[in-house]
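Fold and contact review
One letter stands for each residue in the lines below.
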Amino acid sequence: QVQLVESGGGLVQAGGSLRLSCAASGFTFSGYVMGWFRQAPGKEREFVAAISQSGRITYYADSVKGRFTISRDNAKNTVYLQMNSLKPEDTAVYYCAAALSTTQAMSNMAQIRYWGQGTQVTVSS
């Protein structure tokens, strides 16, 4: 059974940091591009970041470039999202995702094979 379990969300003040984790099981983690999406209240789900199978290639949405860093540990079947300099507009439910695509193509949700259930991130002003 495929599972993507996110953790690390919470409430943080603007300018603060959080580190999200996503533990994967039930599929060959190292064979998949991994990524993060987010969905704010009343808005559509949007792409945040993606990382290649080896971890050597990353791709970010313009809105988070320079503030967020995606990484992965294939030995632990886990992908991370380090979020720094958080802004109130980063408030959303953050979802982990897995795809068999390029990192850039993963920004298209039609490419996503597996989704996590999400973790809430709230940034107060």
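Everything below is about the structure printed above this text.
Criteria and thresholds
- Residues numbered from 1 in each chain as written.
- Predicted model: local features only at pLDDT ≥ 70, side-chain atom pairs only at ≥ 80, totals over all residues.
- Heavy atoms only, no water.
- Helix = DSSP H or I, 4+ residues; strand = E, 2+ residues; numbered from the N terminus.
- Rg over C-alpha atoms; globule rule 2.2 N^0.38 Å.
- Buried < 20%, exposed > 50% of the residue type's maximum accessible area, 1.4 Å probe, protein only.
- Salt bridge = Lys/Arg side-chain N within 4 Å of Asp/Glu carboxyl O.
- Phe/Tyr/Trp six-rings, centres within 6.5 Å; stacked < 30°, edge-to-face > 60°.
- Lys NZ or Arg CZ within 6 Å of the ring centre and 35° of its normal.

Regarding the overall build of the chain
Helix and strand counts for the chain stand at 0 helices and 11 strands. Along the chain, helices and strands appear, N-terminal first, in the series β-β-β-β-β-β-β-β-β-β-β. What you see for the chain is a C-alpha radius of gyration of 13 Å, in line with the 14 Å of a compact globule of 125 residues. If one aligns the C-alpha atoms of the chain with their principal axes, the spans along those axes are about 40 × 25 × 25 Å. Residue burial in the chain is summarised as follows: out of 125 residues, 44% are buried.

Overview of the pattern of salt bridges
The final tally for this structure, using the stated rule, is 4 salt bridges. The closest approach of N and O atoms between arginine 38 and aspartate 90, which form a salt bridge, is 2.9 Å. Of the two residues, arginine 38 sits in strand 4 (residues 33-39) while aspartate 90 sits in the loop between strand 8 (78-83) and strand 9 (92-99), which places them 52 residues apart along the sequence. Residue classification places arginine 38 among the buried residues on the basis of a relative accessible area of 6%. On the basis of relative accessible area, aspartate 90 is assigned to the buried category, the value being 1%. In this structure, aspartate 62 and lysine 65 form a salt bridge, with 3.0 Å as the shortest nitrogen-oxygen distance.

Points about the packing of aromatic side chains
Two aromatic rings, taken as a pair, are described by how far apart their centres are and by the angle between their planes. Scanning the entire structure with this criterion turns up 7 aromatic pairs. Measuring from ring centre to ring centre gives 5.0 Å for phenylalanine 27 and tyrosine 114, while their planes differ by 40 degrees; the resulting arrangement is tilted. A residue pair is termed long-range when its members are at least 10 positions apart, and phenylalanine 27 in the loop between strand 3 (18-25) and strand 4 and tyrosine 114 in strand 10 (residues 112-115) qualify at 87 residues. Residue class for phenylalanine 27 comes out buried when judged on its relative accessible area of 13%. On the basis of relative accessible area, tyrosine 114 is assigned to the partly exposed category, the value being 21%. Taken together, the ring pairs connect Phe37, Phe47, Tyr59, Tyr95 and Trp115 into an aromatic cluster. The cationic tip of arginine 19 hangs over the ring face of tyrosine 80; the distance from NZ or CZ to the ring centre is 4.0 Å. Here arginine 45 stacks its cationic end above the ring of tryptophan 115, 4.6 Å away from the centre of that ring.

Taken by themselves, the reported measurements are silent on function.
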